[in-house]
Amino acid sequence: MEISIYEITLVPLISGLVEVIKQVGIPKKYSSILSIIFGVLLGMIYAGPTDLKRGIIMGIMLGLSASGLYSGTRSVHETIKQINQDKVD
C-alpha cells in the first residue's frame, strides 16, 4: 500500500476538523475517536474511492496520525509554556 504526498496532506486537515468540532463543545476525550472517524471518511472518499478496504485502512492510518499530530503539538506547547513560566519565576 503506497501513500502519496496528497494523502499525507489529509492529516492536518483532519486535525483542523477535530479542533473545530472541539470548539463547538465536544469534550476533548473524544478527539481521538473523531480523528479516526474523519480519517476513515476521508480515506474512503479520497484515498481509496474504488477500493473500500484500502480506503478504510488508509483512513485509520490518517486518523491515528492526525491524533498523534495533535497530541504531539499539544505536548510541545505545554512544555514551552512551562519553560516560560519557570523563567518568570
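Let me sum up the structure you'll find in this document. (Residues numbered from 1 in each chain as written. Predicted model: local features only at pLDDT ≥ 70, side-chain atom pairs only at ≥ 80, totals over all residues. Heavy atoms only, no water.)

## So, the overall build of the protein chain
Assigned secondary structure in the protein chain consists of 4 helices and 0 strands. Along the chain direction, N to C, the helices and strands of the protein chain fall in the order α-α-α-α. Within the span of the protein chain, comprising 89 residues, buried residues form 27% of the whole. Intrachain contacts of the protein chain at a sequence separation of at least 6 include 62% that bridge at least 24 residues. Accessible area for the protein chain stands at about 6100 Å²; split by element, carbon and sulfur atoms hold 67% of it. (Helix = DSSP H or I, 4+ residues; strand = E, 2+ residues; numbered from the N terminus. Buried < 20%, exposed > 50% of the residue type's maximum accessible area, 1.4 Å probe, protein only. Contact = heavy atoms within 4.5 Å. Areas by Shrake-Rupley, 256 points an atom, 1.4 Å probe, with all protein chains shown as cover.)

## Looking at helix 2 (residues 10-24)
Taking 1.5 Å per residue as the helical rise, helix 2 with its 15 residues ought to reach 21 Å, and the 21 Å between its terminal C-alpha atoms agrees with that figure. When helix 2 is considered as a whole, its buried residues turn out to be Leu10, Val11, Ile14, Ser15, Val18 and Lys22. All buried residues of helix 2 project into a common sector of 140° when viewed along the axis, lining one side. For helix 2, the exposed residues set more than 90 degrees away from the buried face come down to Val20, Gln23 and Val24. (Expected span 1.5 Å × (residues − 1). Arc of directions from axis to C-beta.)

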